[in-house]
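# Structural characterization, general
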Amino acid sequence: MAWNFSKEQSIYTQIVEHIKISIISGEYKLGEKIPSVRELAVTAAVNPNTMQKALQELEKMNLVFTQRTSGRFITEDKAMVDKLKEDFAKKQIIDFYKKMKSIGLTKNEIINFVEKTFGEMN
Amino acid sequence: MLISLIKYEFKSTYKIFFILYALVLAFSFINRFTMGFDISGINYWSSYINIDARATALFIFGALYAFLLITTVIMTIFITIQRFYKNILGDTGYLMNTLPLRPWMNIFSKLFVSTFWILLGMFVCGISVVILFTAGLSISDILKGIFTIFSEINIDIFIWGIKFLISTIIGQAANVMIVYCSISTGHLFNSHKKLMAFITFLGIMIITNYVSSTLIFNPSFNFANFVTGHVISGSEWFCSVINASILFNIIYIAVTFIITNYILENKLNLE
Amino acid sequence: MSEYILECGNLIKNYGNKKVLKGINLSFAKGKIIGLLGPNGSGKTTFIKIAAGLLKQTGGEIKIDNKKIGIETKAIVSYLPERTYLENSMRVVDTIKFFKDFYSDFDEVKALNMLQKLNINISDSLKTMSKGTKEKVQLILVMSRNAKIYFLDEPIAGVDPAARDYIINTIINNYNENSTIVISTHLISDIENILDEVVFIKNGEITLHKNVDEIREENGKSIDSLFREVFKC
């Protein structure tokens, strides 16, 4: 199964996002060896050059590093990953808040609704 | 590369020919049998076998045999045409014409194999006819006959025999090349390719007939007279016919080959 | 040594009065997967046939690996046409032997592996196979060559979605940075994710040749959408 991409934006930035989220969520564990460019390209059903570009971008972001003989690995920097997780969550919350605000809810109302909905969810 | 092409050409064509040849030979033996002789030449039809049954068997198997001979001829012509037309100018042409080899190899490999089947077909039919006509003879009679023939051969007859063989080979090769050249010429046209190929073929055959009858076979204008500068005897004439045939067929092969090669190299336009 | 595997300048092809290619200028770099996109009759197949050596151009120049089109280029070009071009009477194992005999860059082991993964029995005759299976066999043979440039003419047209995924998979898997793969198709949305670059060809002329992500960023559209816009009837 290919990863889900929107074809309207550049694929390589979407790959970077996809892998970033996999790292933040713990799907890719810290220090884990990631598959080769070719294998990832096949899994994602994208061009290997595009995948390579994305991985290079992730290296620049220090999320991924290359050990010359053994391949590519996820970073072992837990603090950085935690910070990224926090940043991601924050962004989602801010976006969420903007949406809720646009239907006229105050911050307290939002919090109450969130708690109520969580109660119903379980 | 050329060897591989020839190999593949044989592989793609041998089955049908082997079956036909086997049937032809089988039926010539069957007919020998229905004519009342077995392989040793002994006539075993005794009087208690109904003459109507004999006649019927003779008729049926005779007709089947004739049918097989005709089928062999037609199949040989058909396959000669089809192998070139389909394999080089049809869908498979996308494969054959993108192989890393010059087009002449494609032409030559098919020419070689088609000519081979024609000659082999002639040989098999010849053998089969011999089997039939020696129906009254036993194996030892036949062997004695062959030995007698061979002992009569002197060097002149031998050379003549070789020339005749070469003339047949070159002649059939020329026929095949004329077919290929016609098909290739037809390919040049955007529509009615087969029709144009056929017209080209007729055109070439008309020219060939004209050349043969006026220059080669015409006893009054005689190429040999022309060449040797004197009136020649009957056997010399016969010899000169063969020489002239060989020469003209070589020219035919050369010209048609060059034309076909040019078309395949420069004017190929597969659908 | 040029970084371009294919270079053509002012390539012209006329059929009598009909102008099919009107001066094509293209350079394909090594190691790219390039989409050649255009409607039917735009000249895609004509261009590919010229590159593959099946057609002679009327004017202009085209070179593959800096050589003129001929037997040297045929040895490094692997072409998958849109039709069944194998002899129907052959068995799969015969076609493998055939490719092995004529192409020194043919990787028999790779071909056998791919056929096995698809459960294609190599002693089956082609005439007993469905069209889809025959096309897969042809694709496997073409991709099992270590050619310098591959031309795939409509490799996924008329093929079921599962087979389409397999074909796209095979193309990605086969990629290496020394070879270039040119895919000619009108089924763009299925294939645009694996392309490096696209070439738009319309009425025998190149209207665009660009990196795909650049196009997406500049236009905010998929290649498929852009194509539909550009080639609106």
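Basis of the calculations
- Residues numbered from 1 in each chain as written.
- Chains lettered and ligands numbered in written order.
- Predicted model: local features only at pLDDT ≥ 70, side-chain atom pairs only at ≥ 80, totals over all residues.
- Helix = DSSP H or I, 4+ residues; strand = E, 2+ residues; numbered from the N terminus.
- Buried ≥ 20, exposed ≤ 12 C-beta atoms within 10 Å, placed from the backbone.
- Contact = placed C-beta atoms within 7 Å.
- Core = buried A, V, L, I, M, F, W, Y, C linked by C-beta atoms within 7 Å.
- Pairing = 2+ DSSP bridges.
- Axes fitted to C-alpha atoms, helices over the stretch in contact; angles between N-to-C directions.
- Parallel < 35°, antiparallel > 145°, perpendicular 65-115°, else oblique.
- Left-handed = near helix turned anticlockwise from the far one by under 90°.
- Nonpolar A, V, L, I, M, F, W, Y, C, P; charged D, E, K, R; others polar.
- Domains from an automatic or database assignment.
- Arc of directions from axis to C-beta.
- Right-handed = clockwise from strand over helix to strand, strands pointing away.

Turning our eyes to something else, we now look at the overall build of chain B. What chain B contains, in helices and strands, is 9 helices and 0 strands. Order of helices (α) and strands (β) in chain B, N terminus to C terminus: α-α-α-α-α-α-α-α-α. When each of the 271 residues of chain B is scored for burial, the buried share is 27%. Counted over contacts in chain B with a minimum sequence separation of 6, partners at least 24 positions apart contribute 77%.

Take the nonpolar core next. Of all hydrophobic cores here, the largest spans 118 residues; its most connected members are M177 of chain B together with A51 and F151 of chain C. Examining the composition of this core, we find that 9 residues originate from one element, helix 6 (residues 155–187) of chain B, more than from any other. When residues no more than four places from it in sequence are discounted, the contact partners of M177 of chain B are L111, Y252, I253, T256 and F257 of chain B.

In this section: the sheet that holds strand 8 (residues 180–185) of chain C. Residue and element names in this part refer to chain C. Taken in spatial order, the 6 strands line up as 6-7-8-3-9-10 in an open sheet, and their pairing is mixed. At either end of the open sheet lies a strand with only one pairing partner, and these are strand 6 (77–80) and strand 10 (205–211). Taken pair by pair, the neighbouring strands of this sheet meet at an average axis angle of 15°, ignoring direction. Most of the contacts of helix 8 (residues 212–219) go to strand 10, to which it runs at about 90°, and overall it touches strand 9 (197–202) and strand 10.

All names here are of chain B. Orientation of helix 1 (residues 2–34) relative to helix 2 (residues 51–89), taken along the N-to-C sense of each, is 160°, at an axis distance of 9 Å. One way to sum up the angle between helix 1 and helix 2 is to call them roughly antiparallel. The handedness of the crossing between helix 1 and helix 2 is left-handed. Tallied by class, the residues present in the contact of helix 1 with helix 2 amount to 15 nonpolar, 7 polar and 1 charged.

Looking at the assigned domains, one finds that chain B contains domain 1 (1–137) and domain 2 (153–271). Grouping the amino acids of the side of domain 1 of chain B that touches domain 2 of chain B by side-chain chemistry returns 11 nonpolar, 5 polar and no charged.

Our next topic: helix 9 (residues 223–230) of chain C. All names here are of chain C. Among all positions of helix 9, only I223, L226 and F227 are buried. Taken end-on, helix 9 shows its buried residues confined to a sector of 100°, consistent with a single buried face. Along its buried surface, helix 9 packs onto strand 3 (33–37), helix 7 (188–191), strand 9 and helix 8.

Once that is clear, we can look at the sheet that holds strand 5 (residues 67–68) of chain C. Residue and element names in this part refer to chain C. If you trace the 4 strands from one edge of the open sheet to the other, you get 2-1-4-5, paired in antiparallel fashion. Both edges of this open sheet fall to strand 2 (18–29) and strand 5, since each of them pairs with a single strand only. Strand direction decides the pairing type here: strand 4 (residues 59–64) and strand 5, joined by 2 bridges, are antiparallel. Residue pairing for strand 5: I64 is matched across the bridge by K67.

Residues and elements named next belong to chain C. Within strand 8, 6 of the 6 residues are buried, which leaves it mostly tucked inside the rest of the structure. Across the two faces of strand 8 the burial is the same, with T180, V182 and S184 and I181, I183 and T185 all buried. Taken together, the 5 bridges between strand 3 and strand 8 define a ladder with parallel strand orientation. Opposite G35, over in strand 8, you have I183 as the bridge partner. Bridge count for strand 7 (residues 149–153) against strand 8 is 5 bridges, and the pairing is parallel. Within strand 8, the residue paired with F151 across the bridge is V182. Crossover handedness for the path strand 7 to helix 6 (residues 161–174) to strand 8: right-handed.

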